[in-house]
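# Summary of structural features
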Amino acid sequence: MLCAVTLAARPDFTVTAVTCHDDHARWSAPEIRGDHRIVLVRRGRFRRQADGVDADLDPTLGYLGAPGEEERFAHPAGGDVCTSVSIAPGFWEGRASAGPVYMDARVELAHHRVLGAAVGGDIDYAVTEELLRLVVAATGRSVPHPRPGDRVLVAAARHAIRADVPEAAGLRSLAGVLGVSPYRLSRVFSRHMGVSLTHYRNRVRVGRAVSRLADGETALAALAAELGFADQSHLTRTIREHLGHTPAVLRGLLADGPK
């Protein structure tokens, strides 16, 4: 069951919040869309198959859709919440290939700011400008189509890190629970995602910090400990490395973000 709510719409773009309550491992019936779009996962995860290529999607991996693709979806982990942005070809000057896209912390921040601008209601300036920033940040981060075995391995590693399974505390233990050598896991993950496992783990933690800051979190030392950072300085340094801002600056940028 899908629930779609339009957050902002103009002739050259539409921003829609999509909540899916499905819970099934089987592929859905094929769908064919006629628009260019960016889909970003806010919560949960699901699978997408487009023109025979599978992708496991979560808040760190969204996708670019193109007109005429035949899509199928599966929700083996339950429901999810996404933002779907439909874009007219002339909205921006860039080009992007359809398929999975790595959503780094900068894309997540841009996503938050689009949603915050939509709440504010200034569609013709604030939403449009933030949306352009999101499109530029999201495009150009496409990931290659891996071999099926590699896709499953990378998806399992991503899930373990995001789920905070105990073995994900270290590369060696993560590789052990996945049944591969640390070398193979590191090599396949970097080749597929375009970032190292270390960078990805920190990106997940930074994403959680961004969400907490958007919710008004001010106790940075406690937040650092909760997210697994050595201390508040480690949290601040890592956020700055991924986003170019300190937590204090981010709190201001996210003051009007989604709650």
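No experiment lies behind these values; they were computed from the predicted model shown.

### So, empty space enclosed by the protein
Scanning the model with the defined rule gives 1 cavity of 30 Å³ or more in all. Of the voids in this model, the largest cavity is the one considered here, and its volume is about 80 Å³. Of all the secondary-structure elements, those providing two or more residues to the lining of the largest cavity are strand E6 (53–57) and helix H3 (148–162). Per element, the largest residue contribution to the lining of the largest cavity is 4 residues, and it comes from H3. Each residue belonging to the lining of the largest cavity can be placed in one class, and the counts come to 8 nonpolar, 2 polar and 4 charged.

### Considerations on the state of the cysteines
Here a disulfide denotes one covalent bond, and it connects the sulfur atoms of two cysteines. Using the criterion set out here, one finds 0 disulfides in the structure. Cys20 takes part in no disulfide bond, and the closest cysteine sulfur to it belongs to Cys82, at a distance of 8.0 Å. You can call Cys82 buried: its relative accessible area is 6%.

### Quick word on the sheet that holds E6
Pairing is antiparallel in the open sheet, where 4 strands are placed in the order E3-E8-E5-E6. Of all the strands in the sheet, the pair left with one neighbour each is strand E3 (31–32) and E6. Sheet topology note: the strand E5 (residues 46–50)/E6 ladder contains 5 bridges and is antiparallel. Each residue of the ladder has a partner; that of Phe46, found in E6, is Leu57.

Calculation rules
- Throughout this document, residue positions are counted from 1 along each chain, in the order its sequence is written.
- Totals for whole chains, interfaces and linings use all residues, but because this is a predicted model, local features are given only for residues with pLDDT of at least 70 and pairs of side-chain atoms are given and counted only at 80 or more.
- Hydrogens and water are ignored here; the side-chain numbers use all heavy atoms of the structure.
- A pocket here means an open set of points on a 1 Å grid, computed over the protein atoms alone, that has protein on both sides within 12 Å along at least five of seven lines. A cavity is instead a set of points where a 1.4 Å probe fits but cannot get out; residues with an atom within 4 Å of a point line either one.
- Grid points are joined across faces, edges and corners, and a volume is the space filled by probe spheres set on the points.
- What counts as a helix is a DSSP run of H or I of at least four residues, what counts as a strand is a run of E of at least two, and both are numbered from the N terminus.
- Amino acids outside the nonpolar list (Ala, Val, Leu, Ile, Met, Phe, Trp, Tyr, Cys, Pro) and the charged list (Asp, Glu, Lys, Arg) are all regarded as polar, and Gly is one of them.
- Any cysteine sulfur atom paired with another within 2.5 Å is treated as part of a disulfide.
- Only protein chains enter the accessibility calculation, which uses a 1.4 Å probe; a residue whose area is less than 20% of its type maximum is buried, one above 50% is exposed, and one in between is partly exposed.
- Strand pairing is assigned whenever DSSP identifies at least 2 bridges connecting the two strands.

Just geometry here; none of it tells us what the structure is for.
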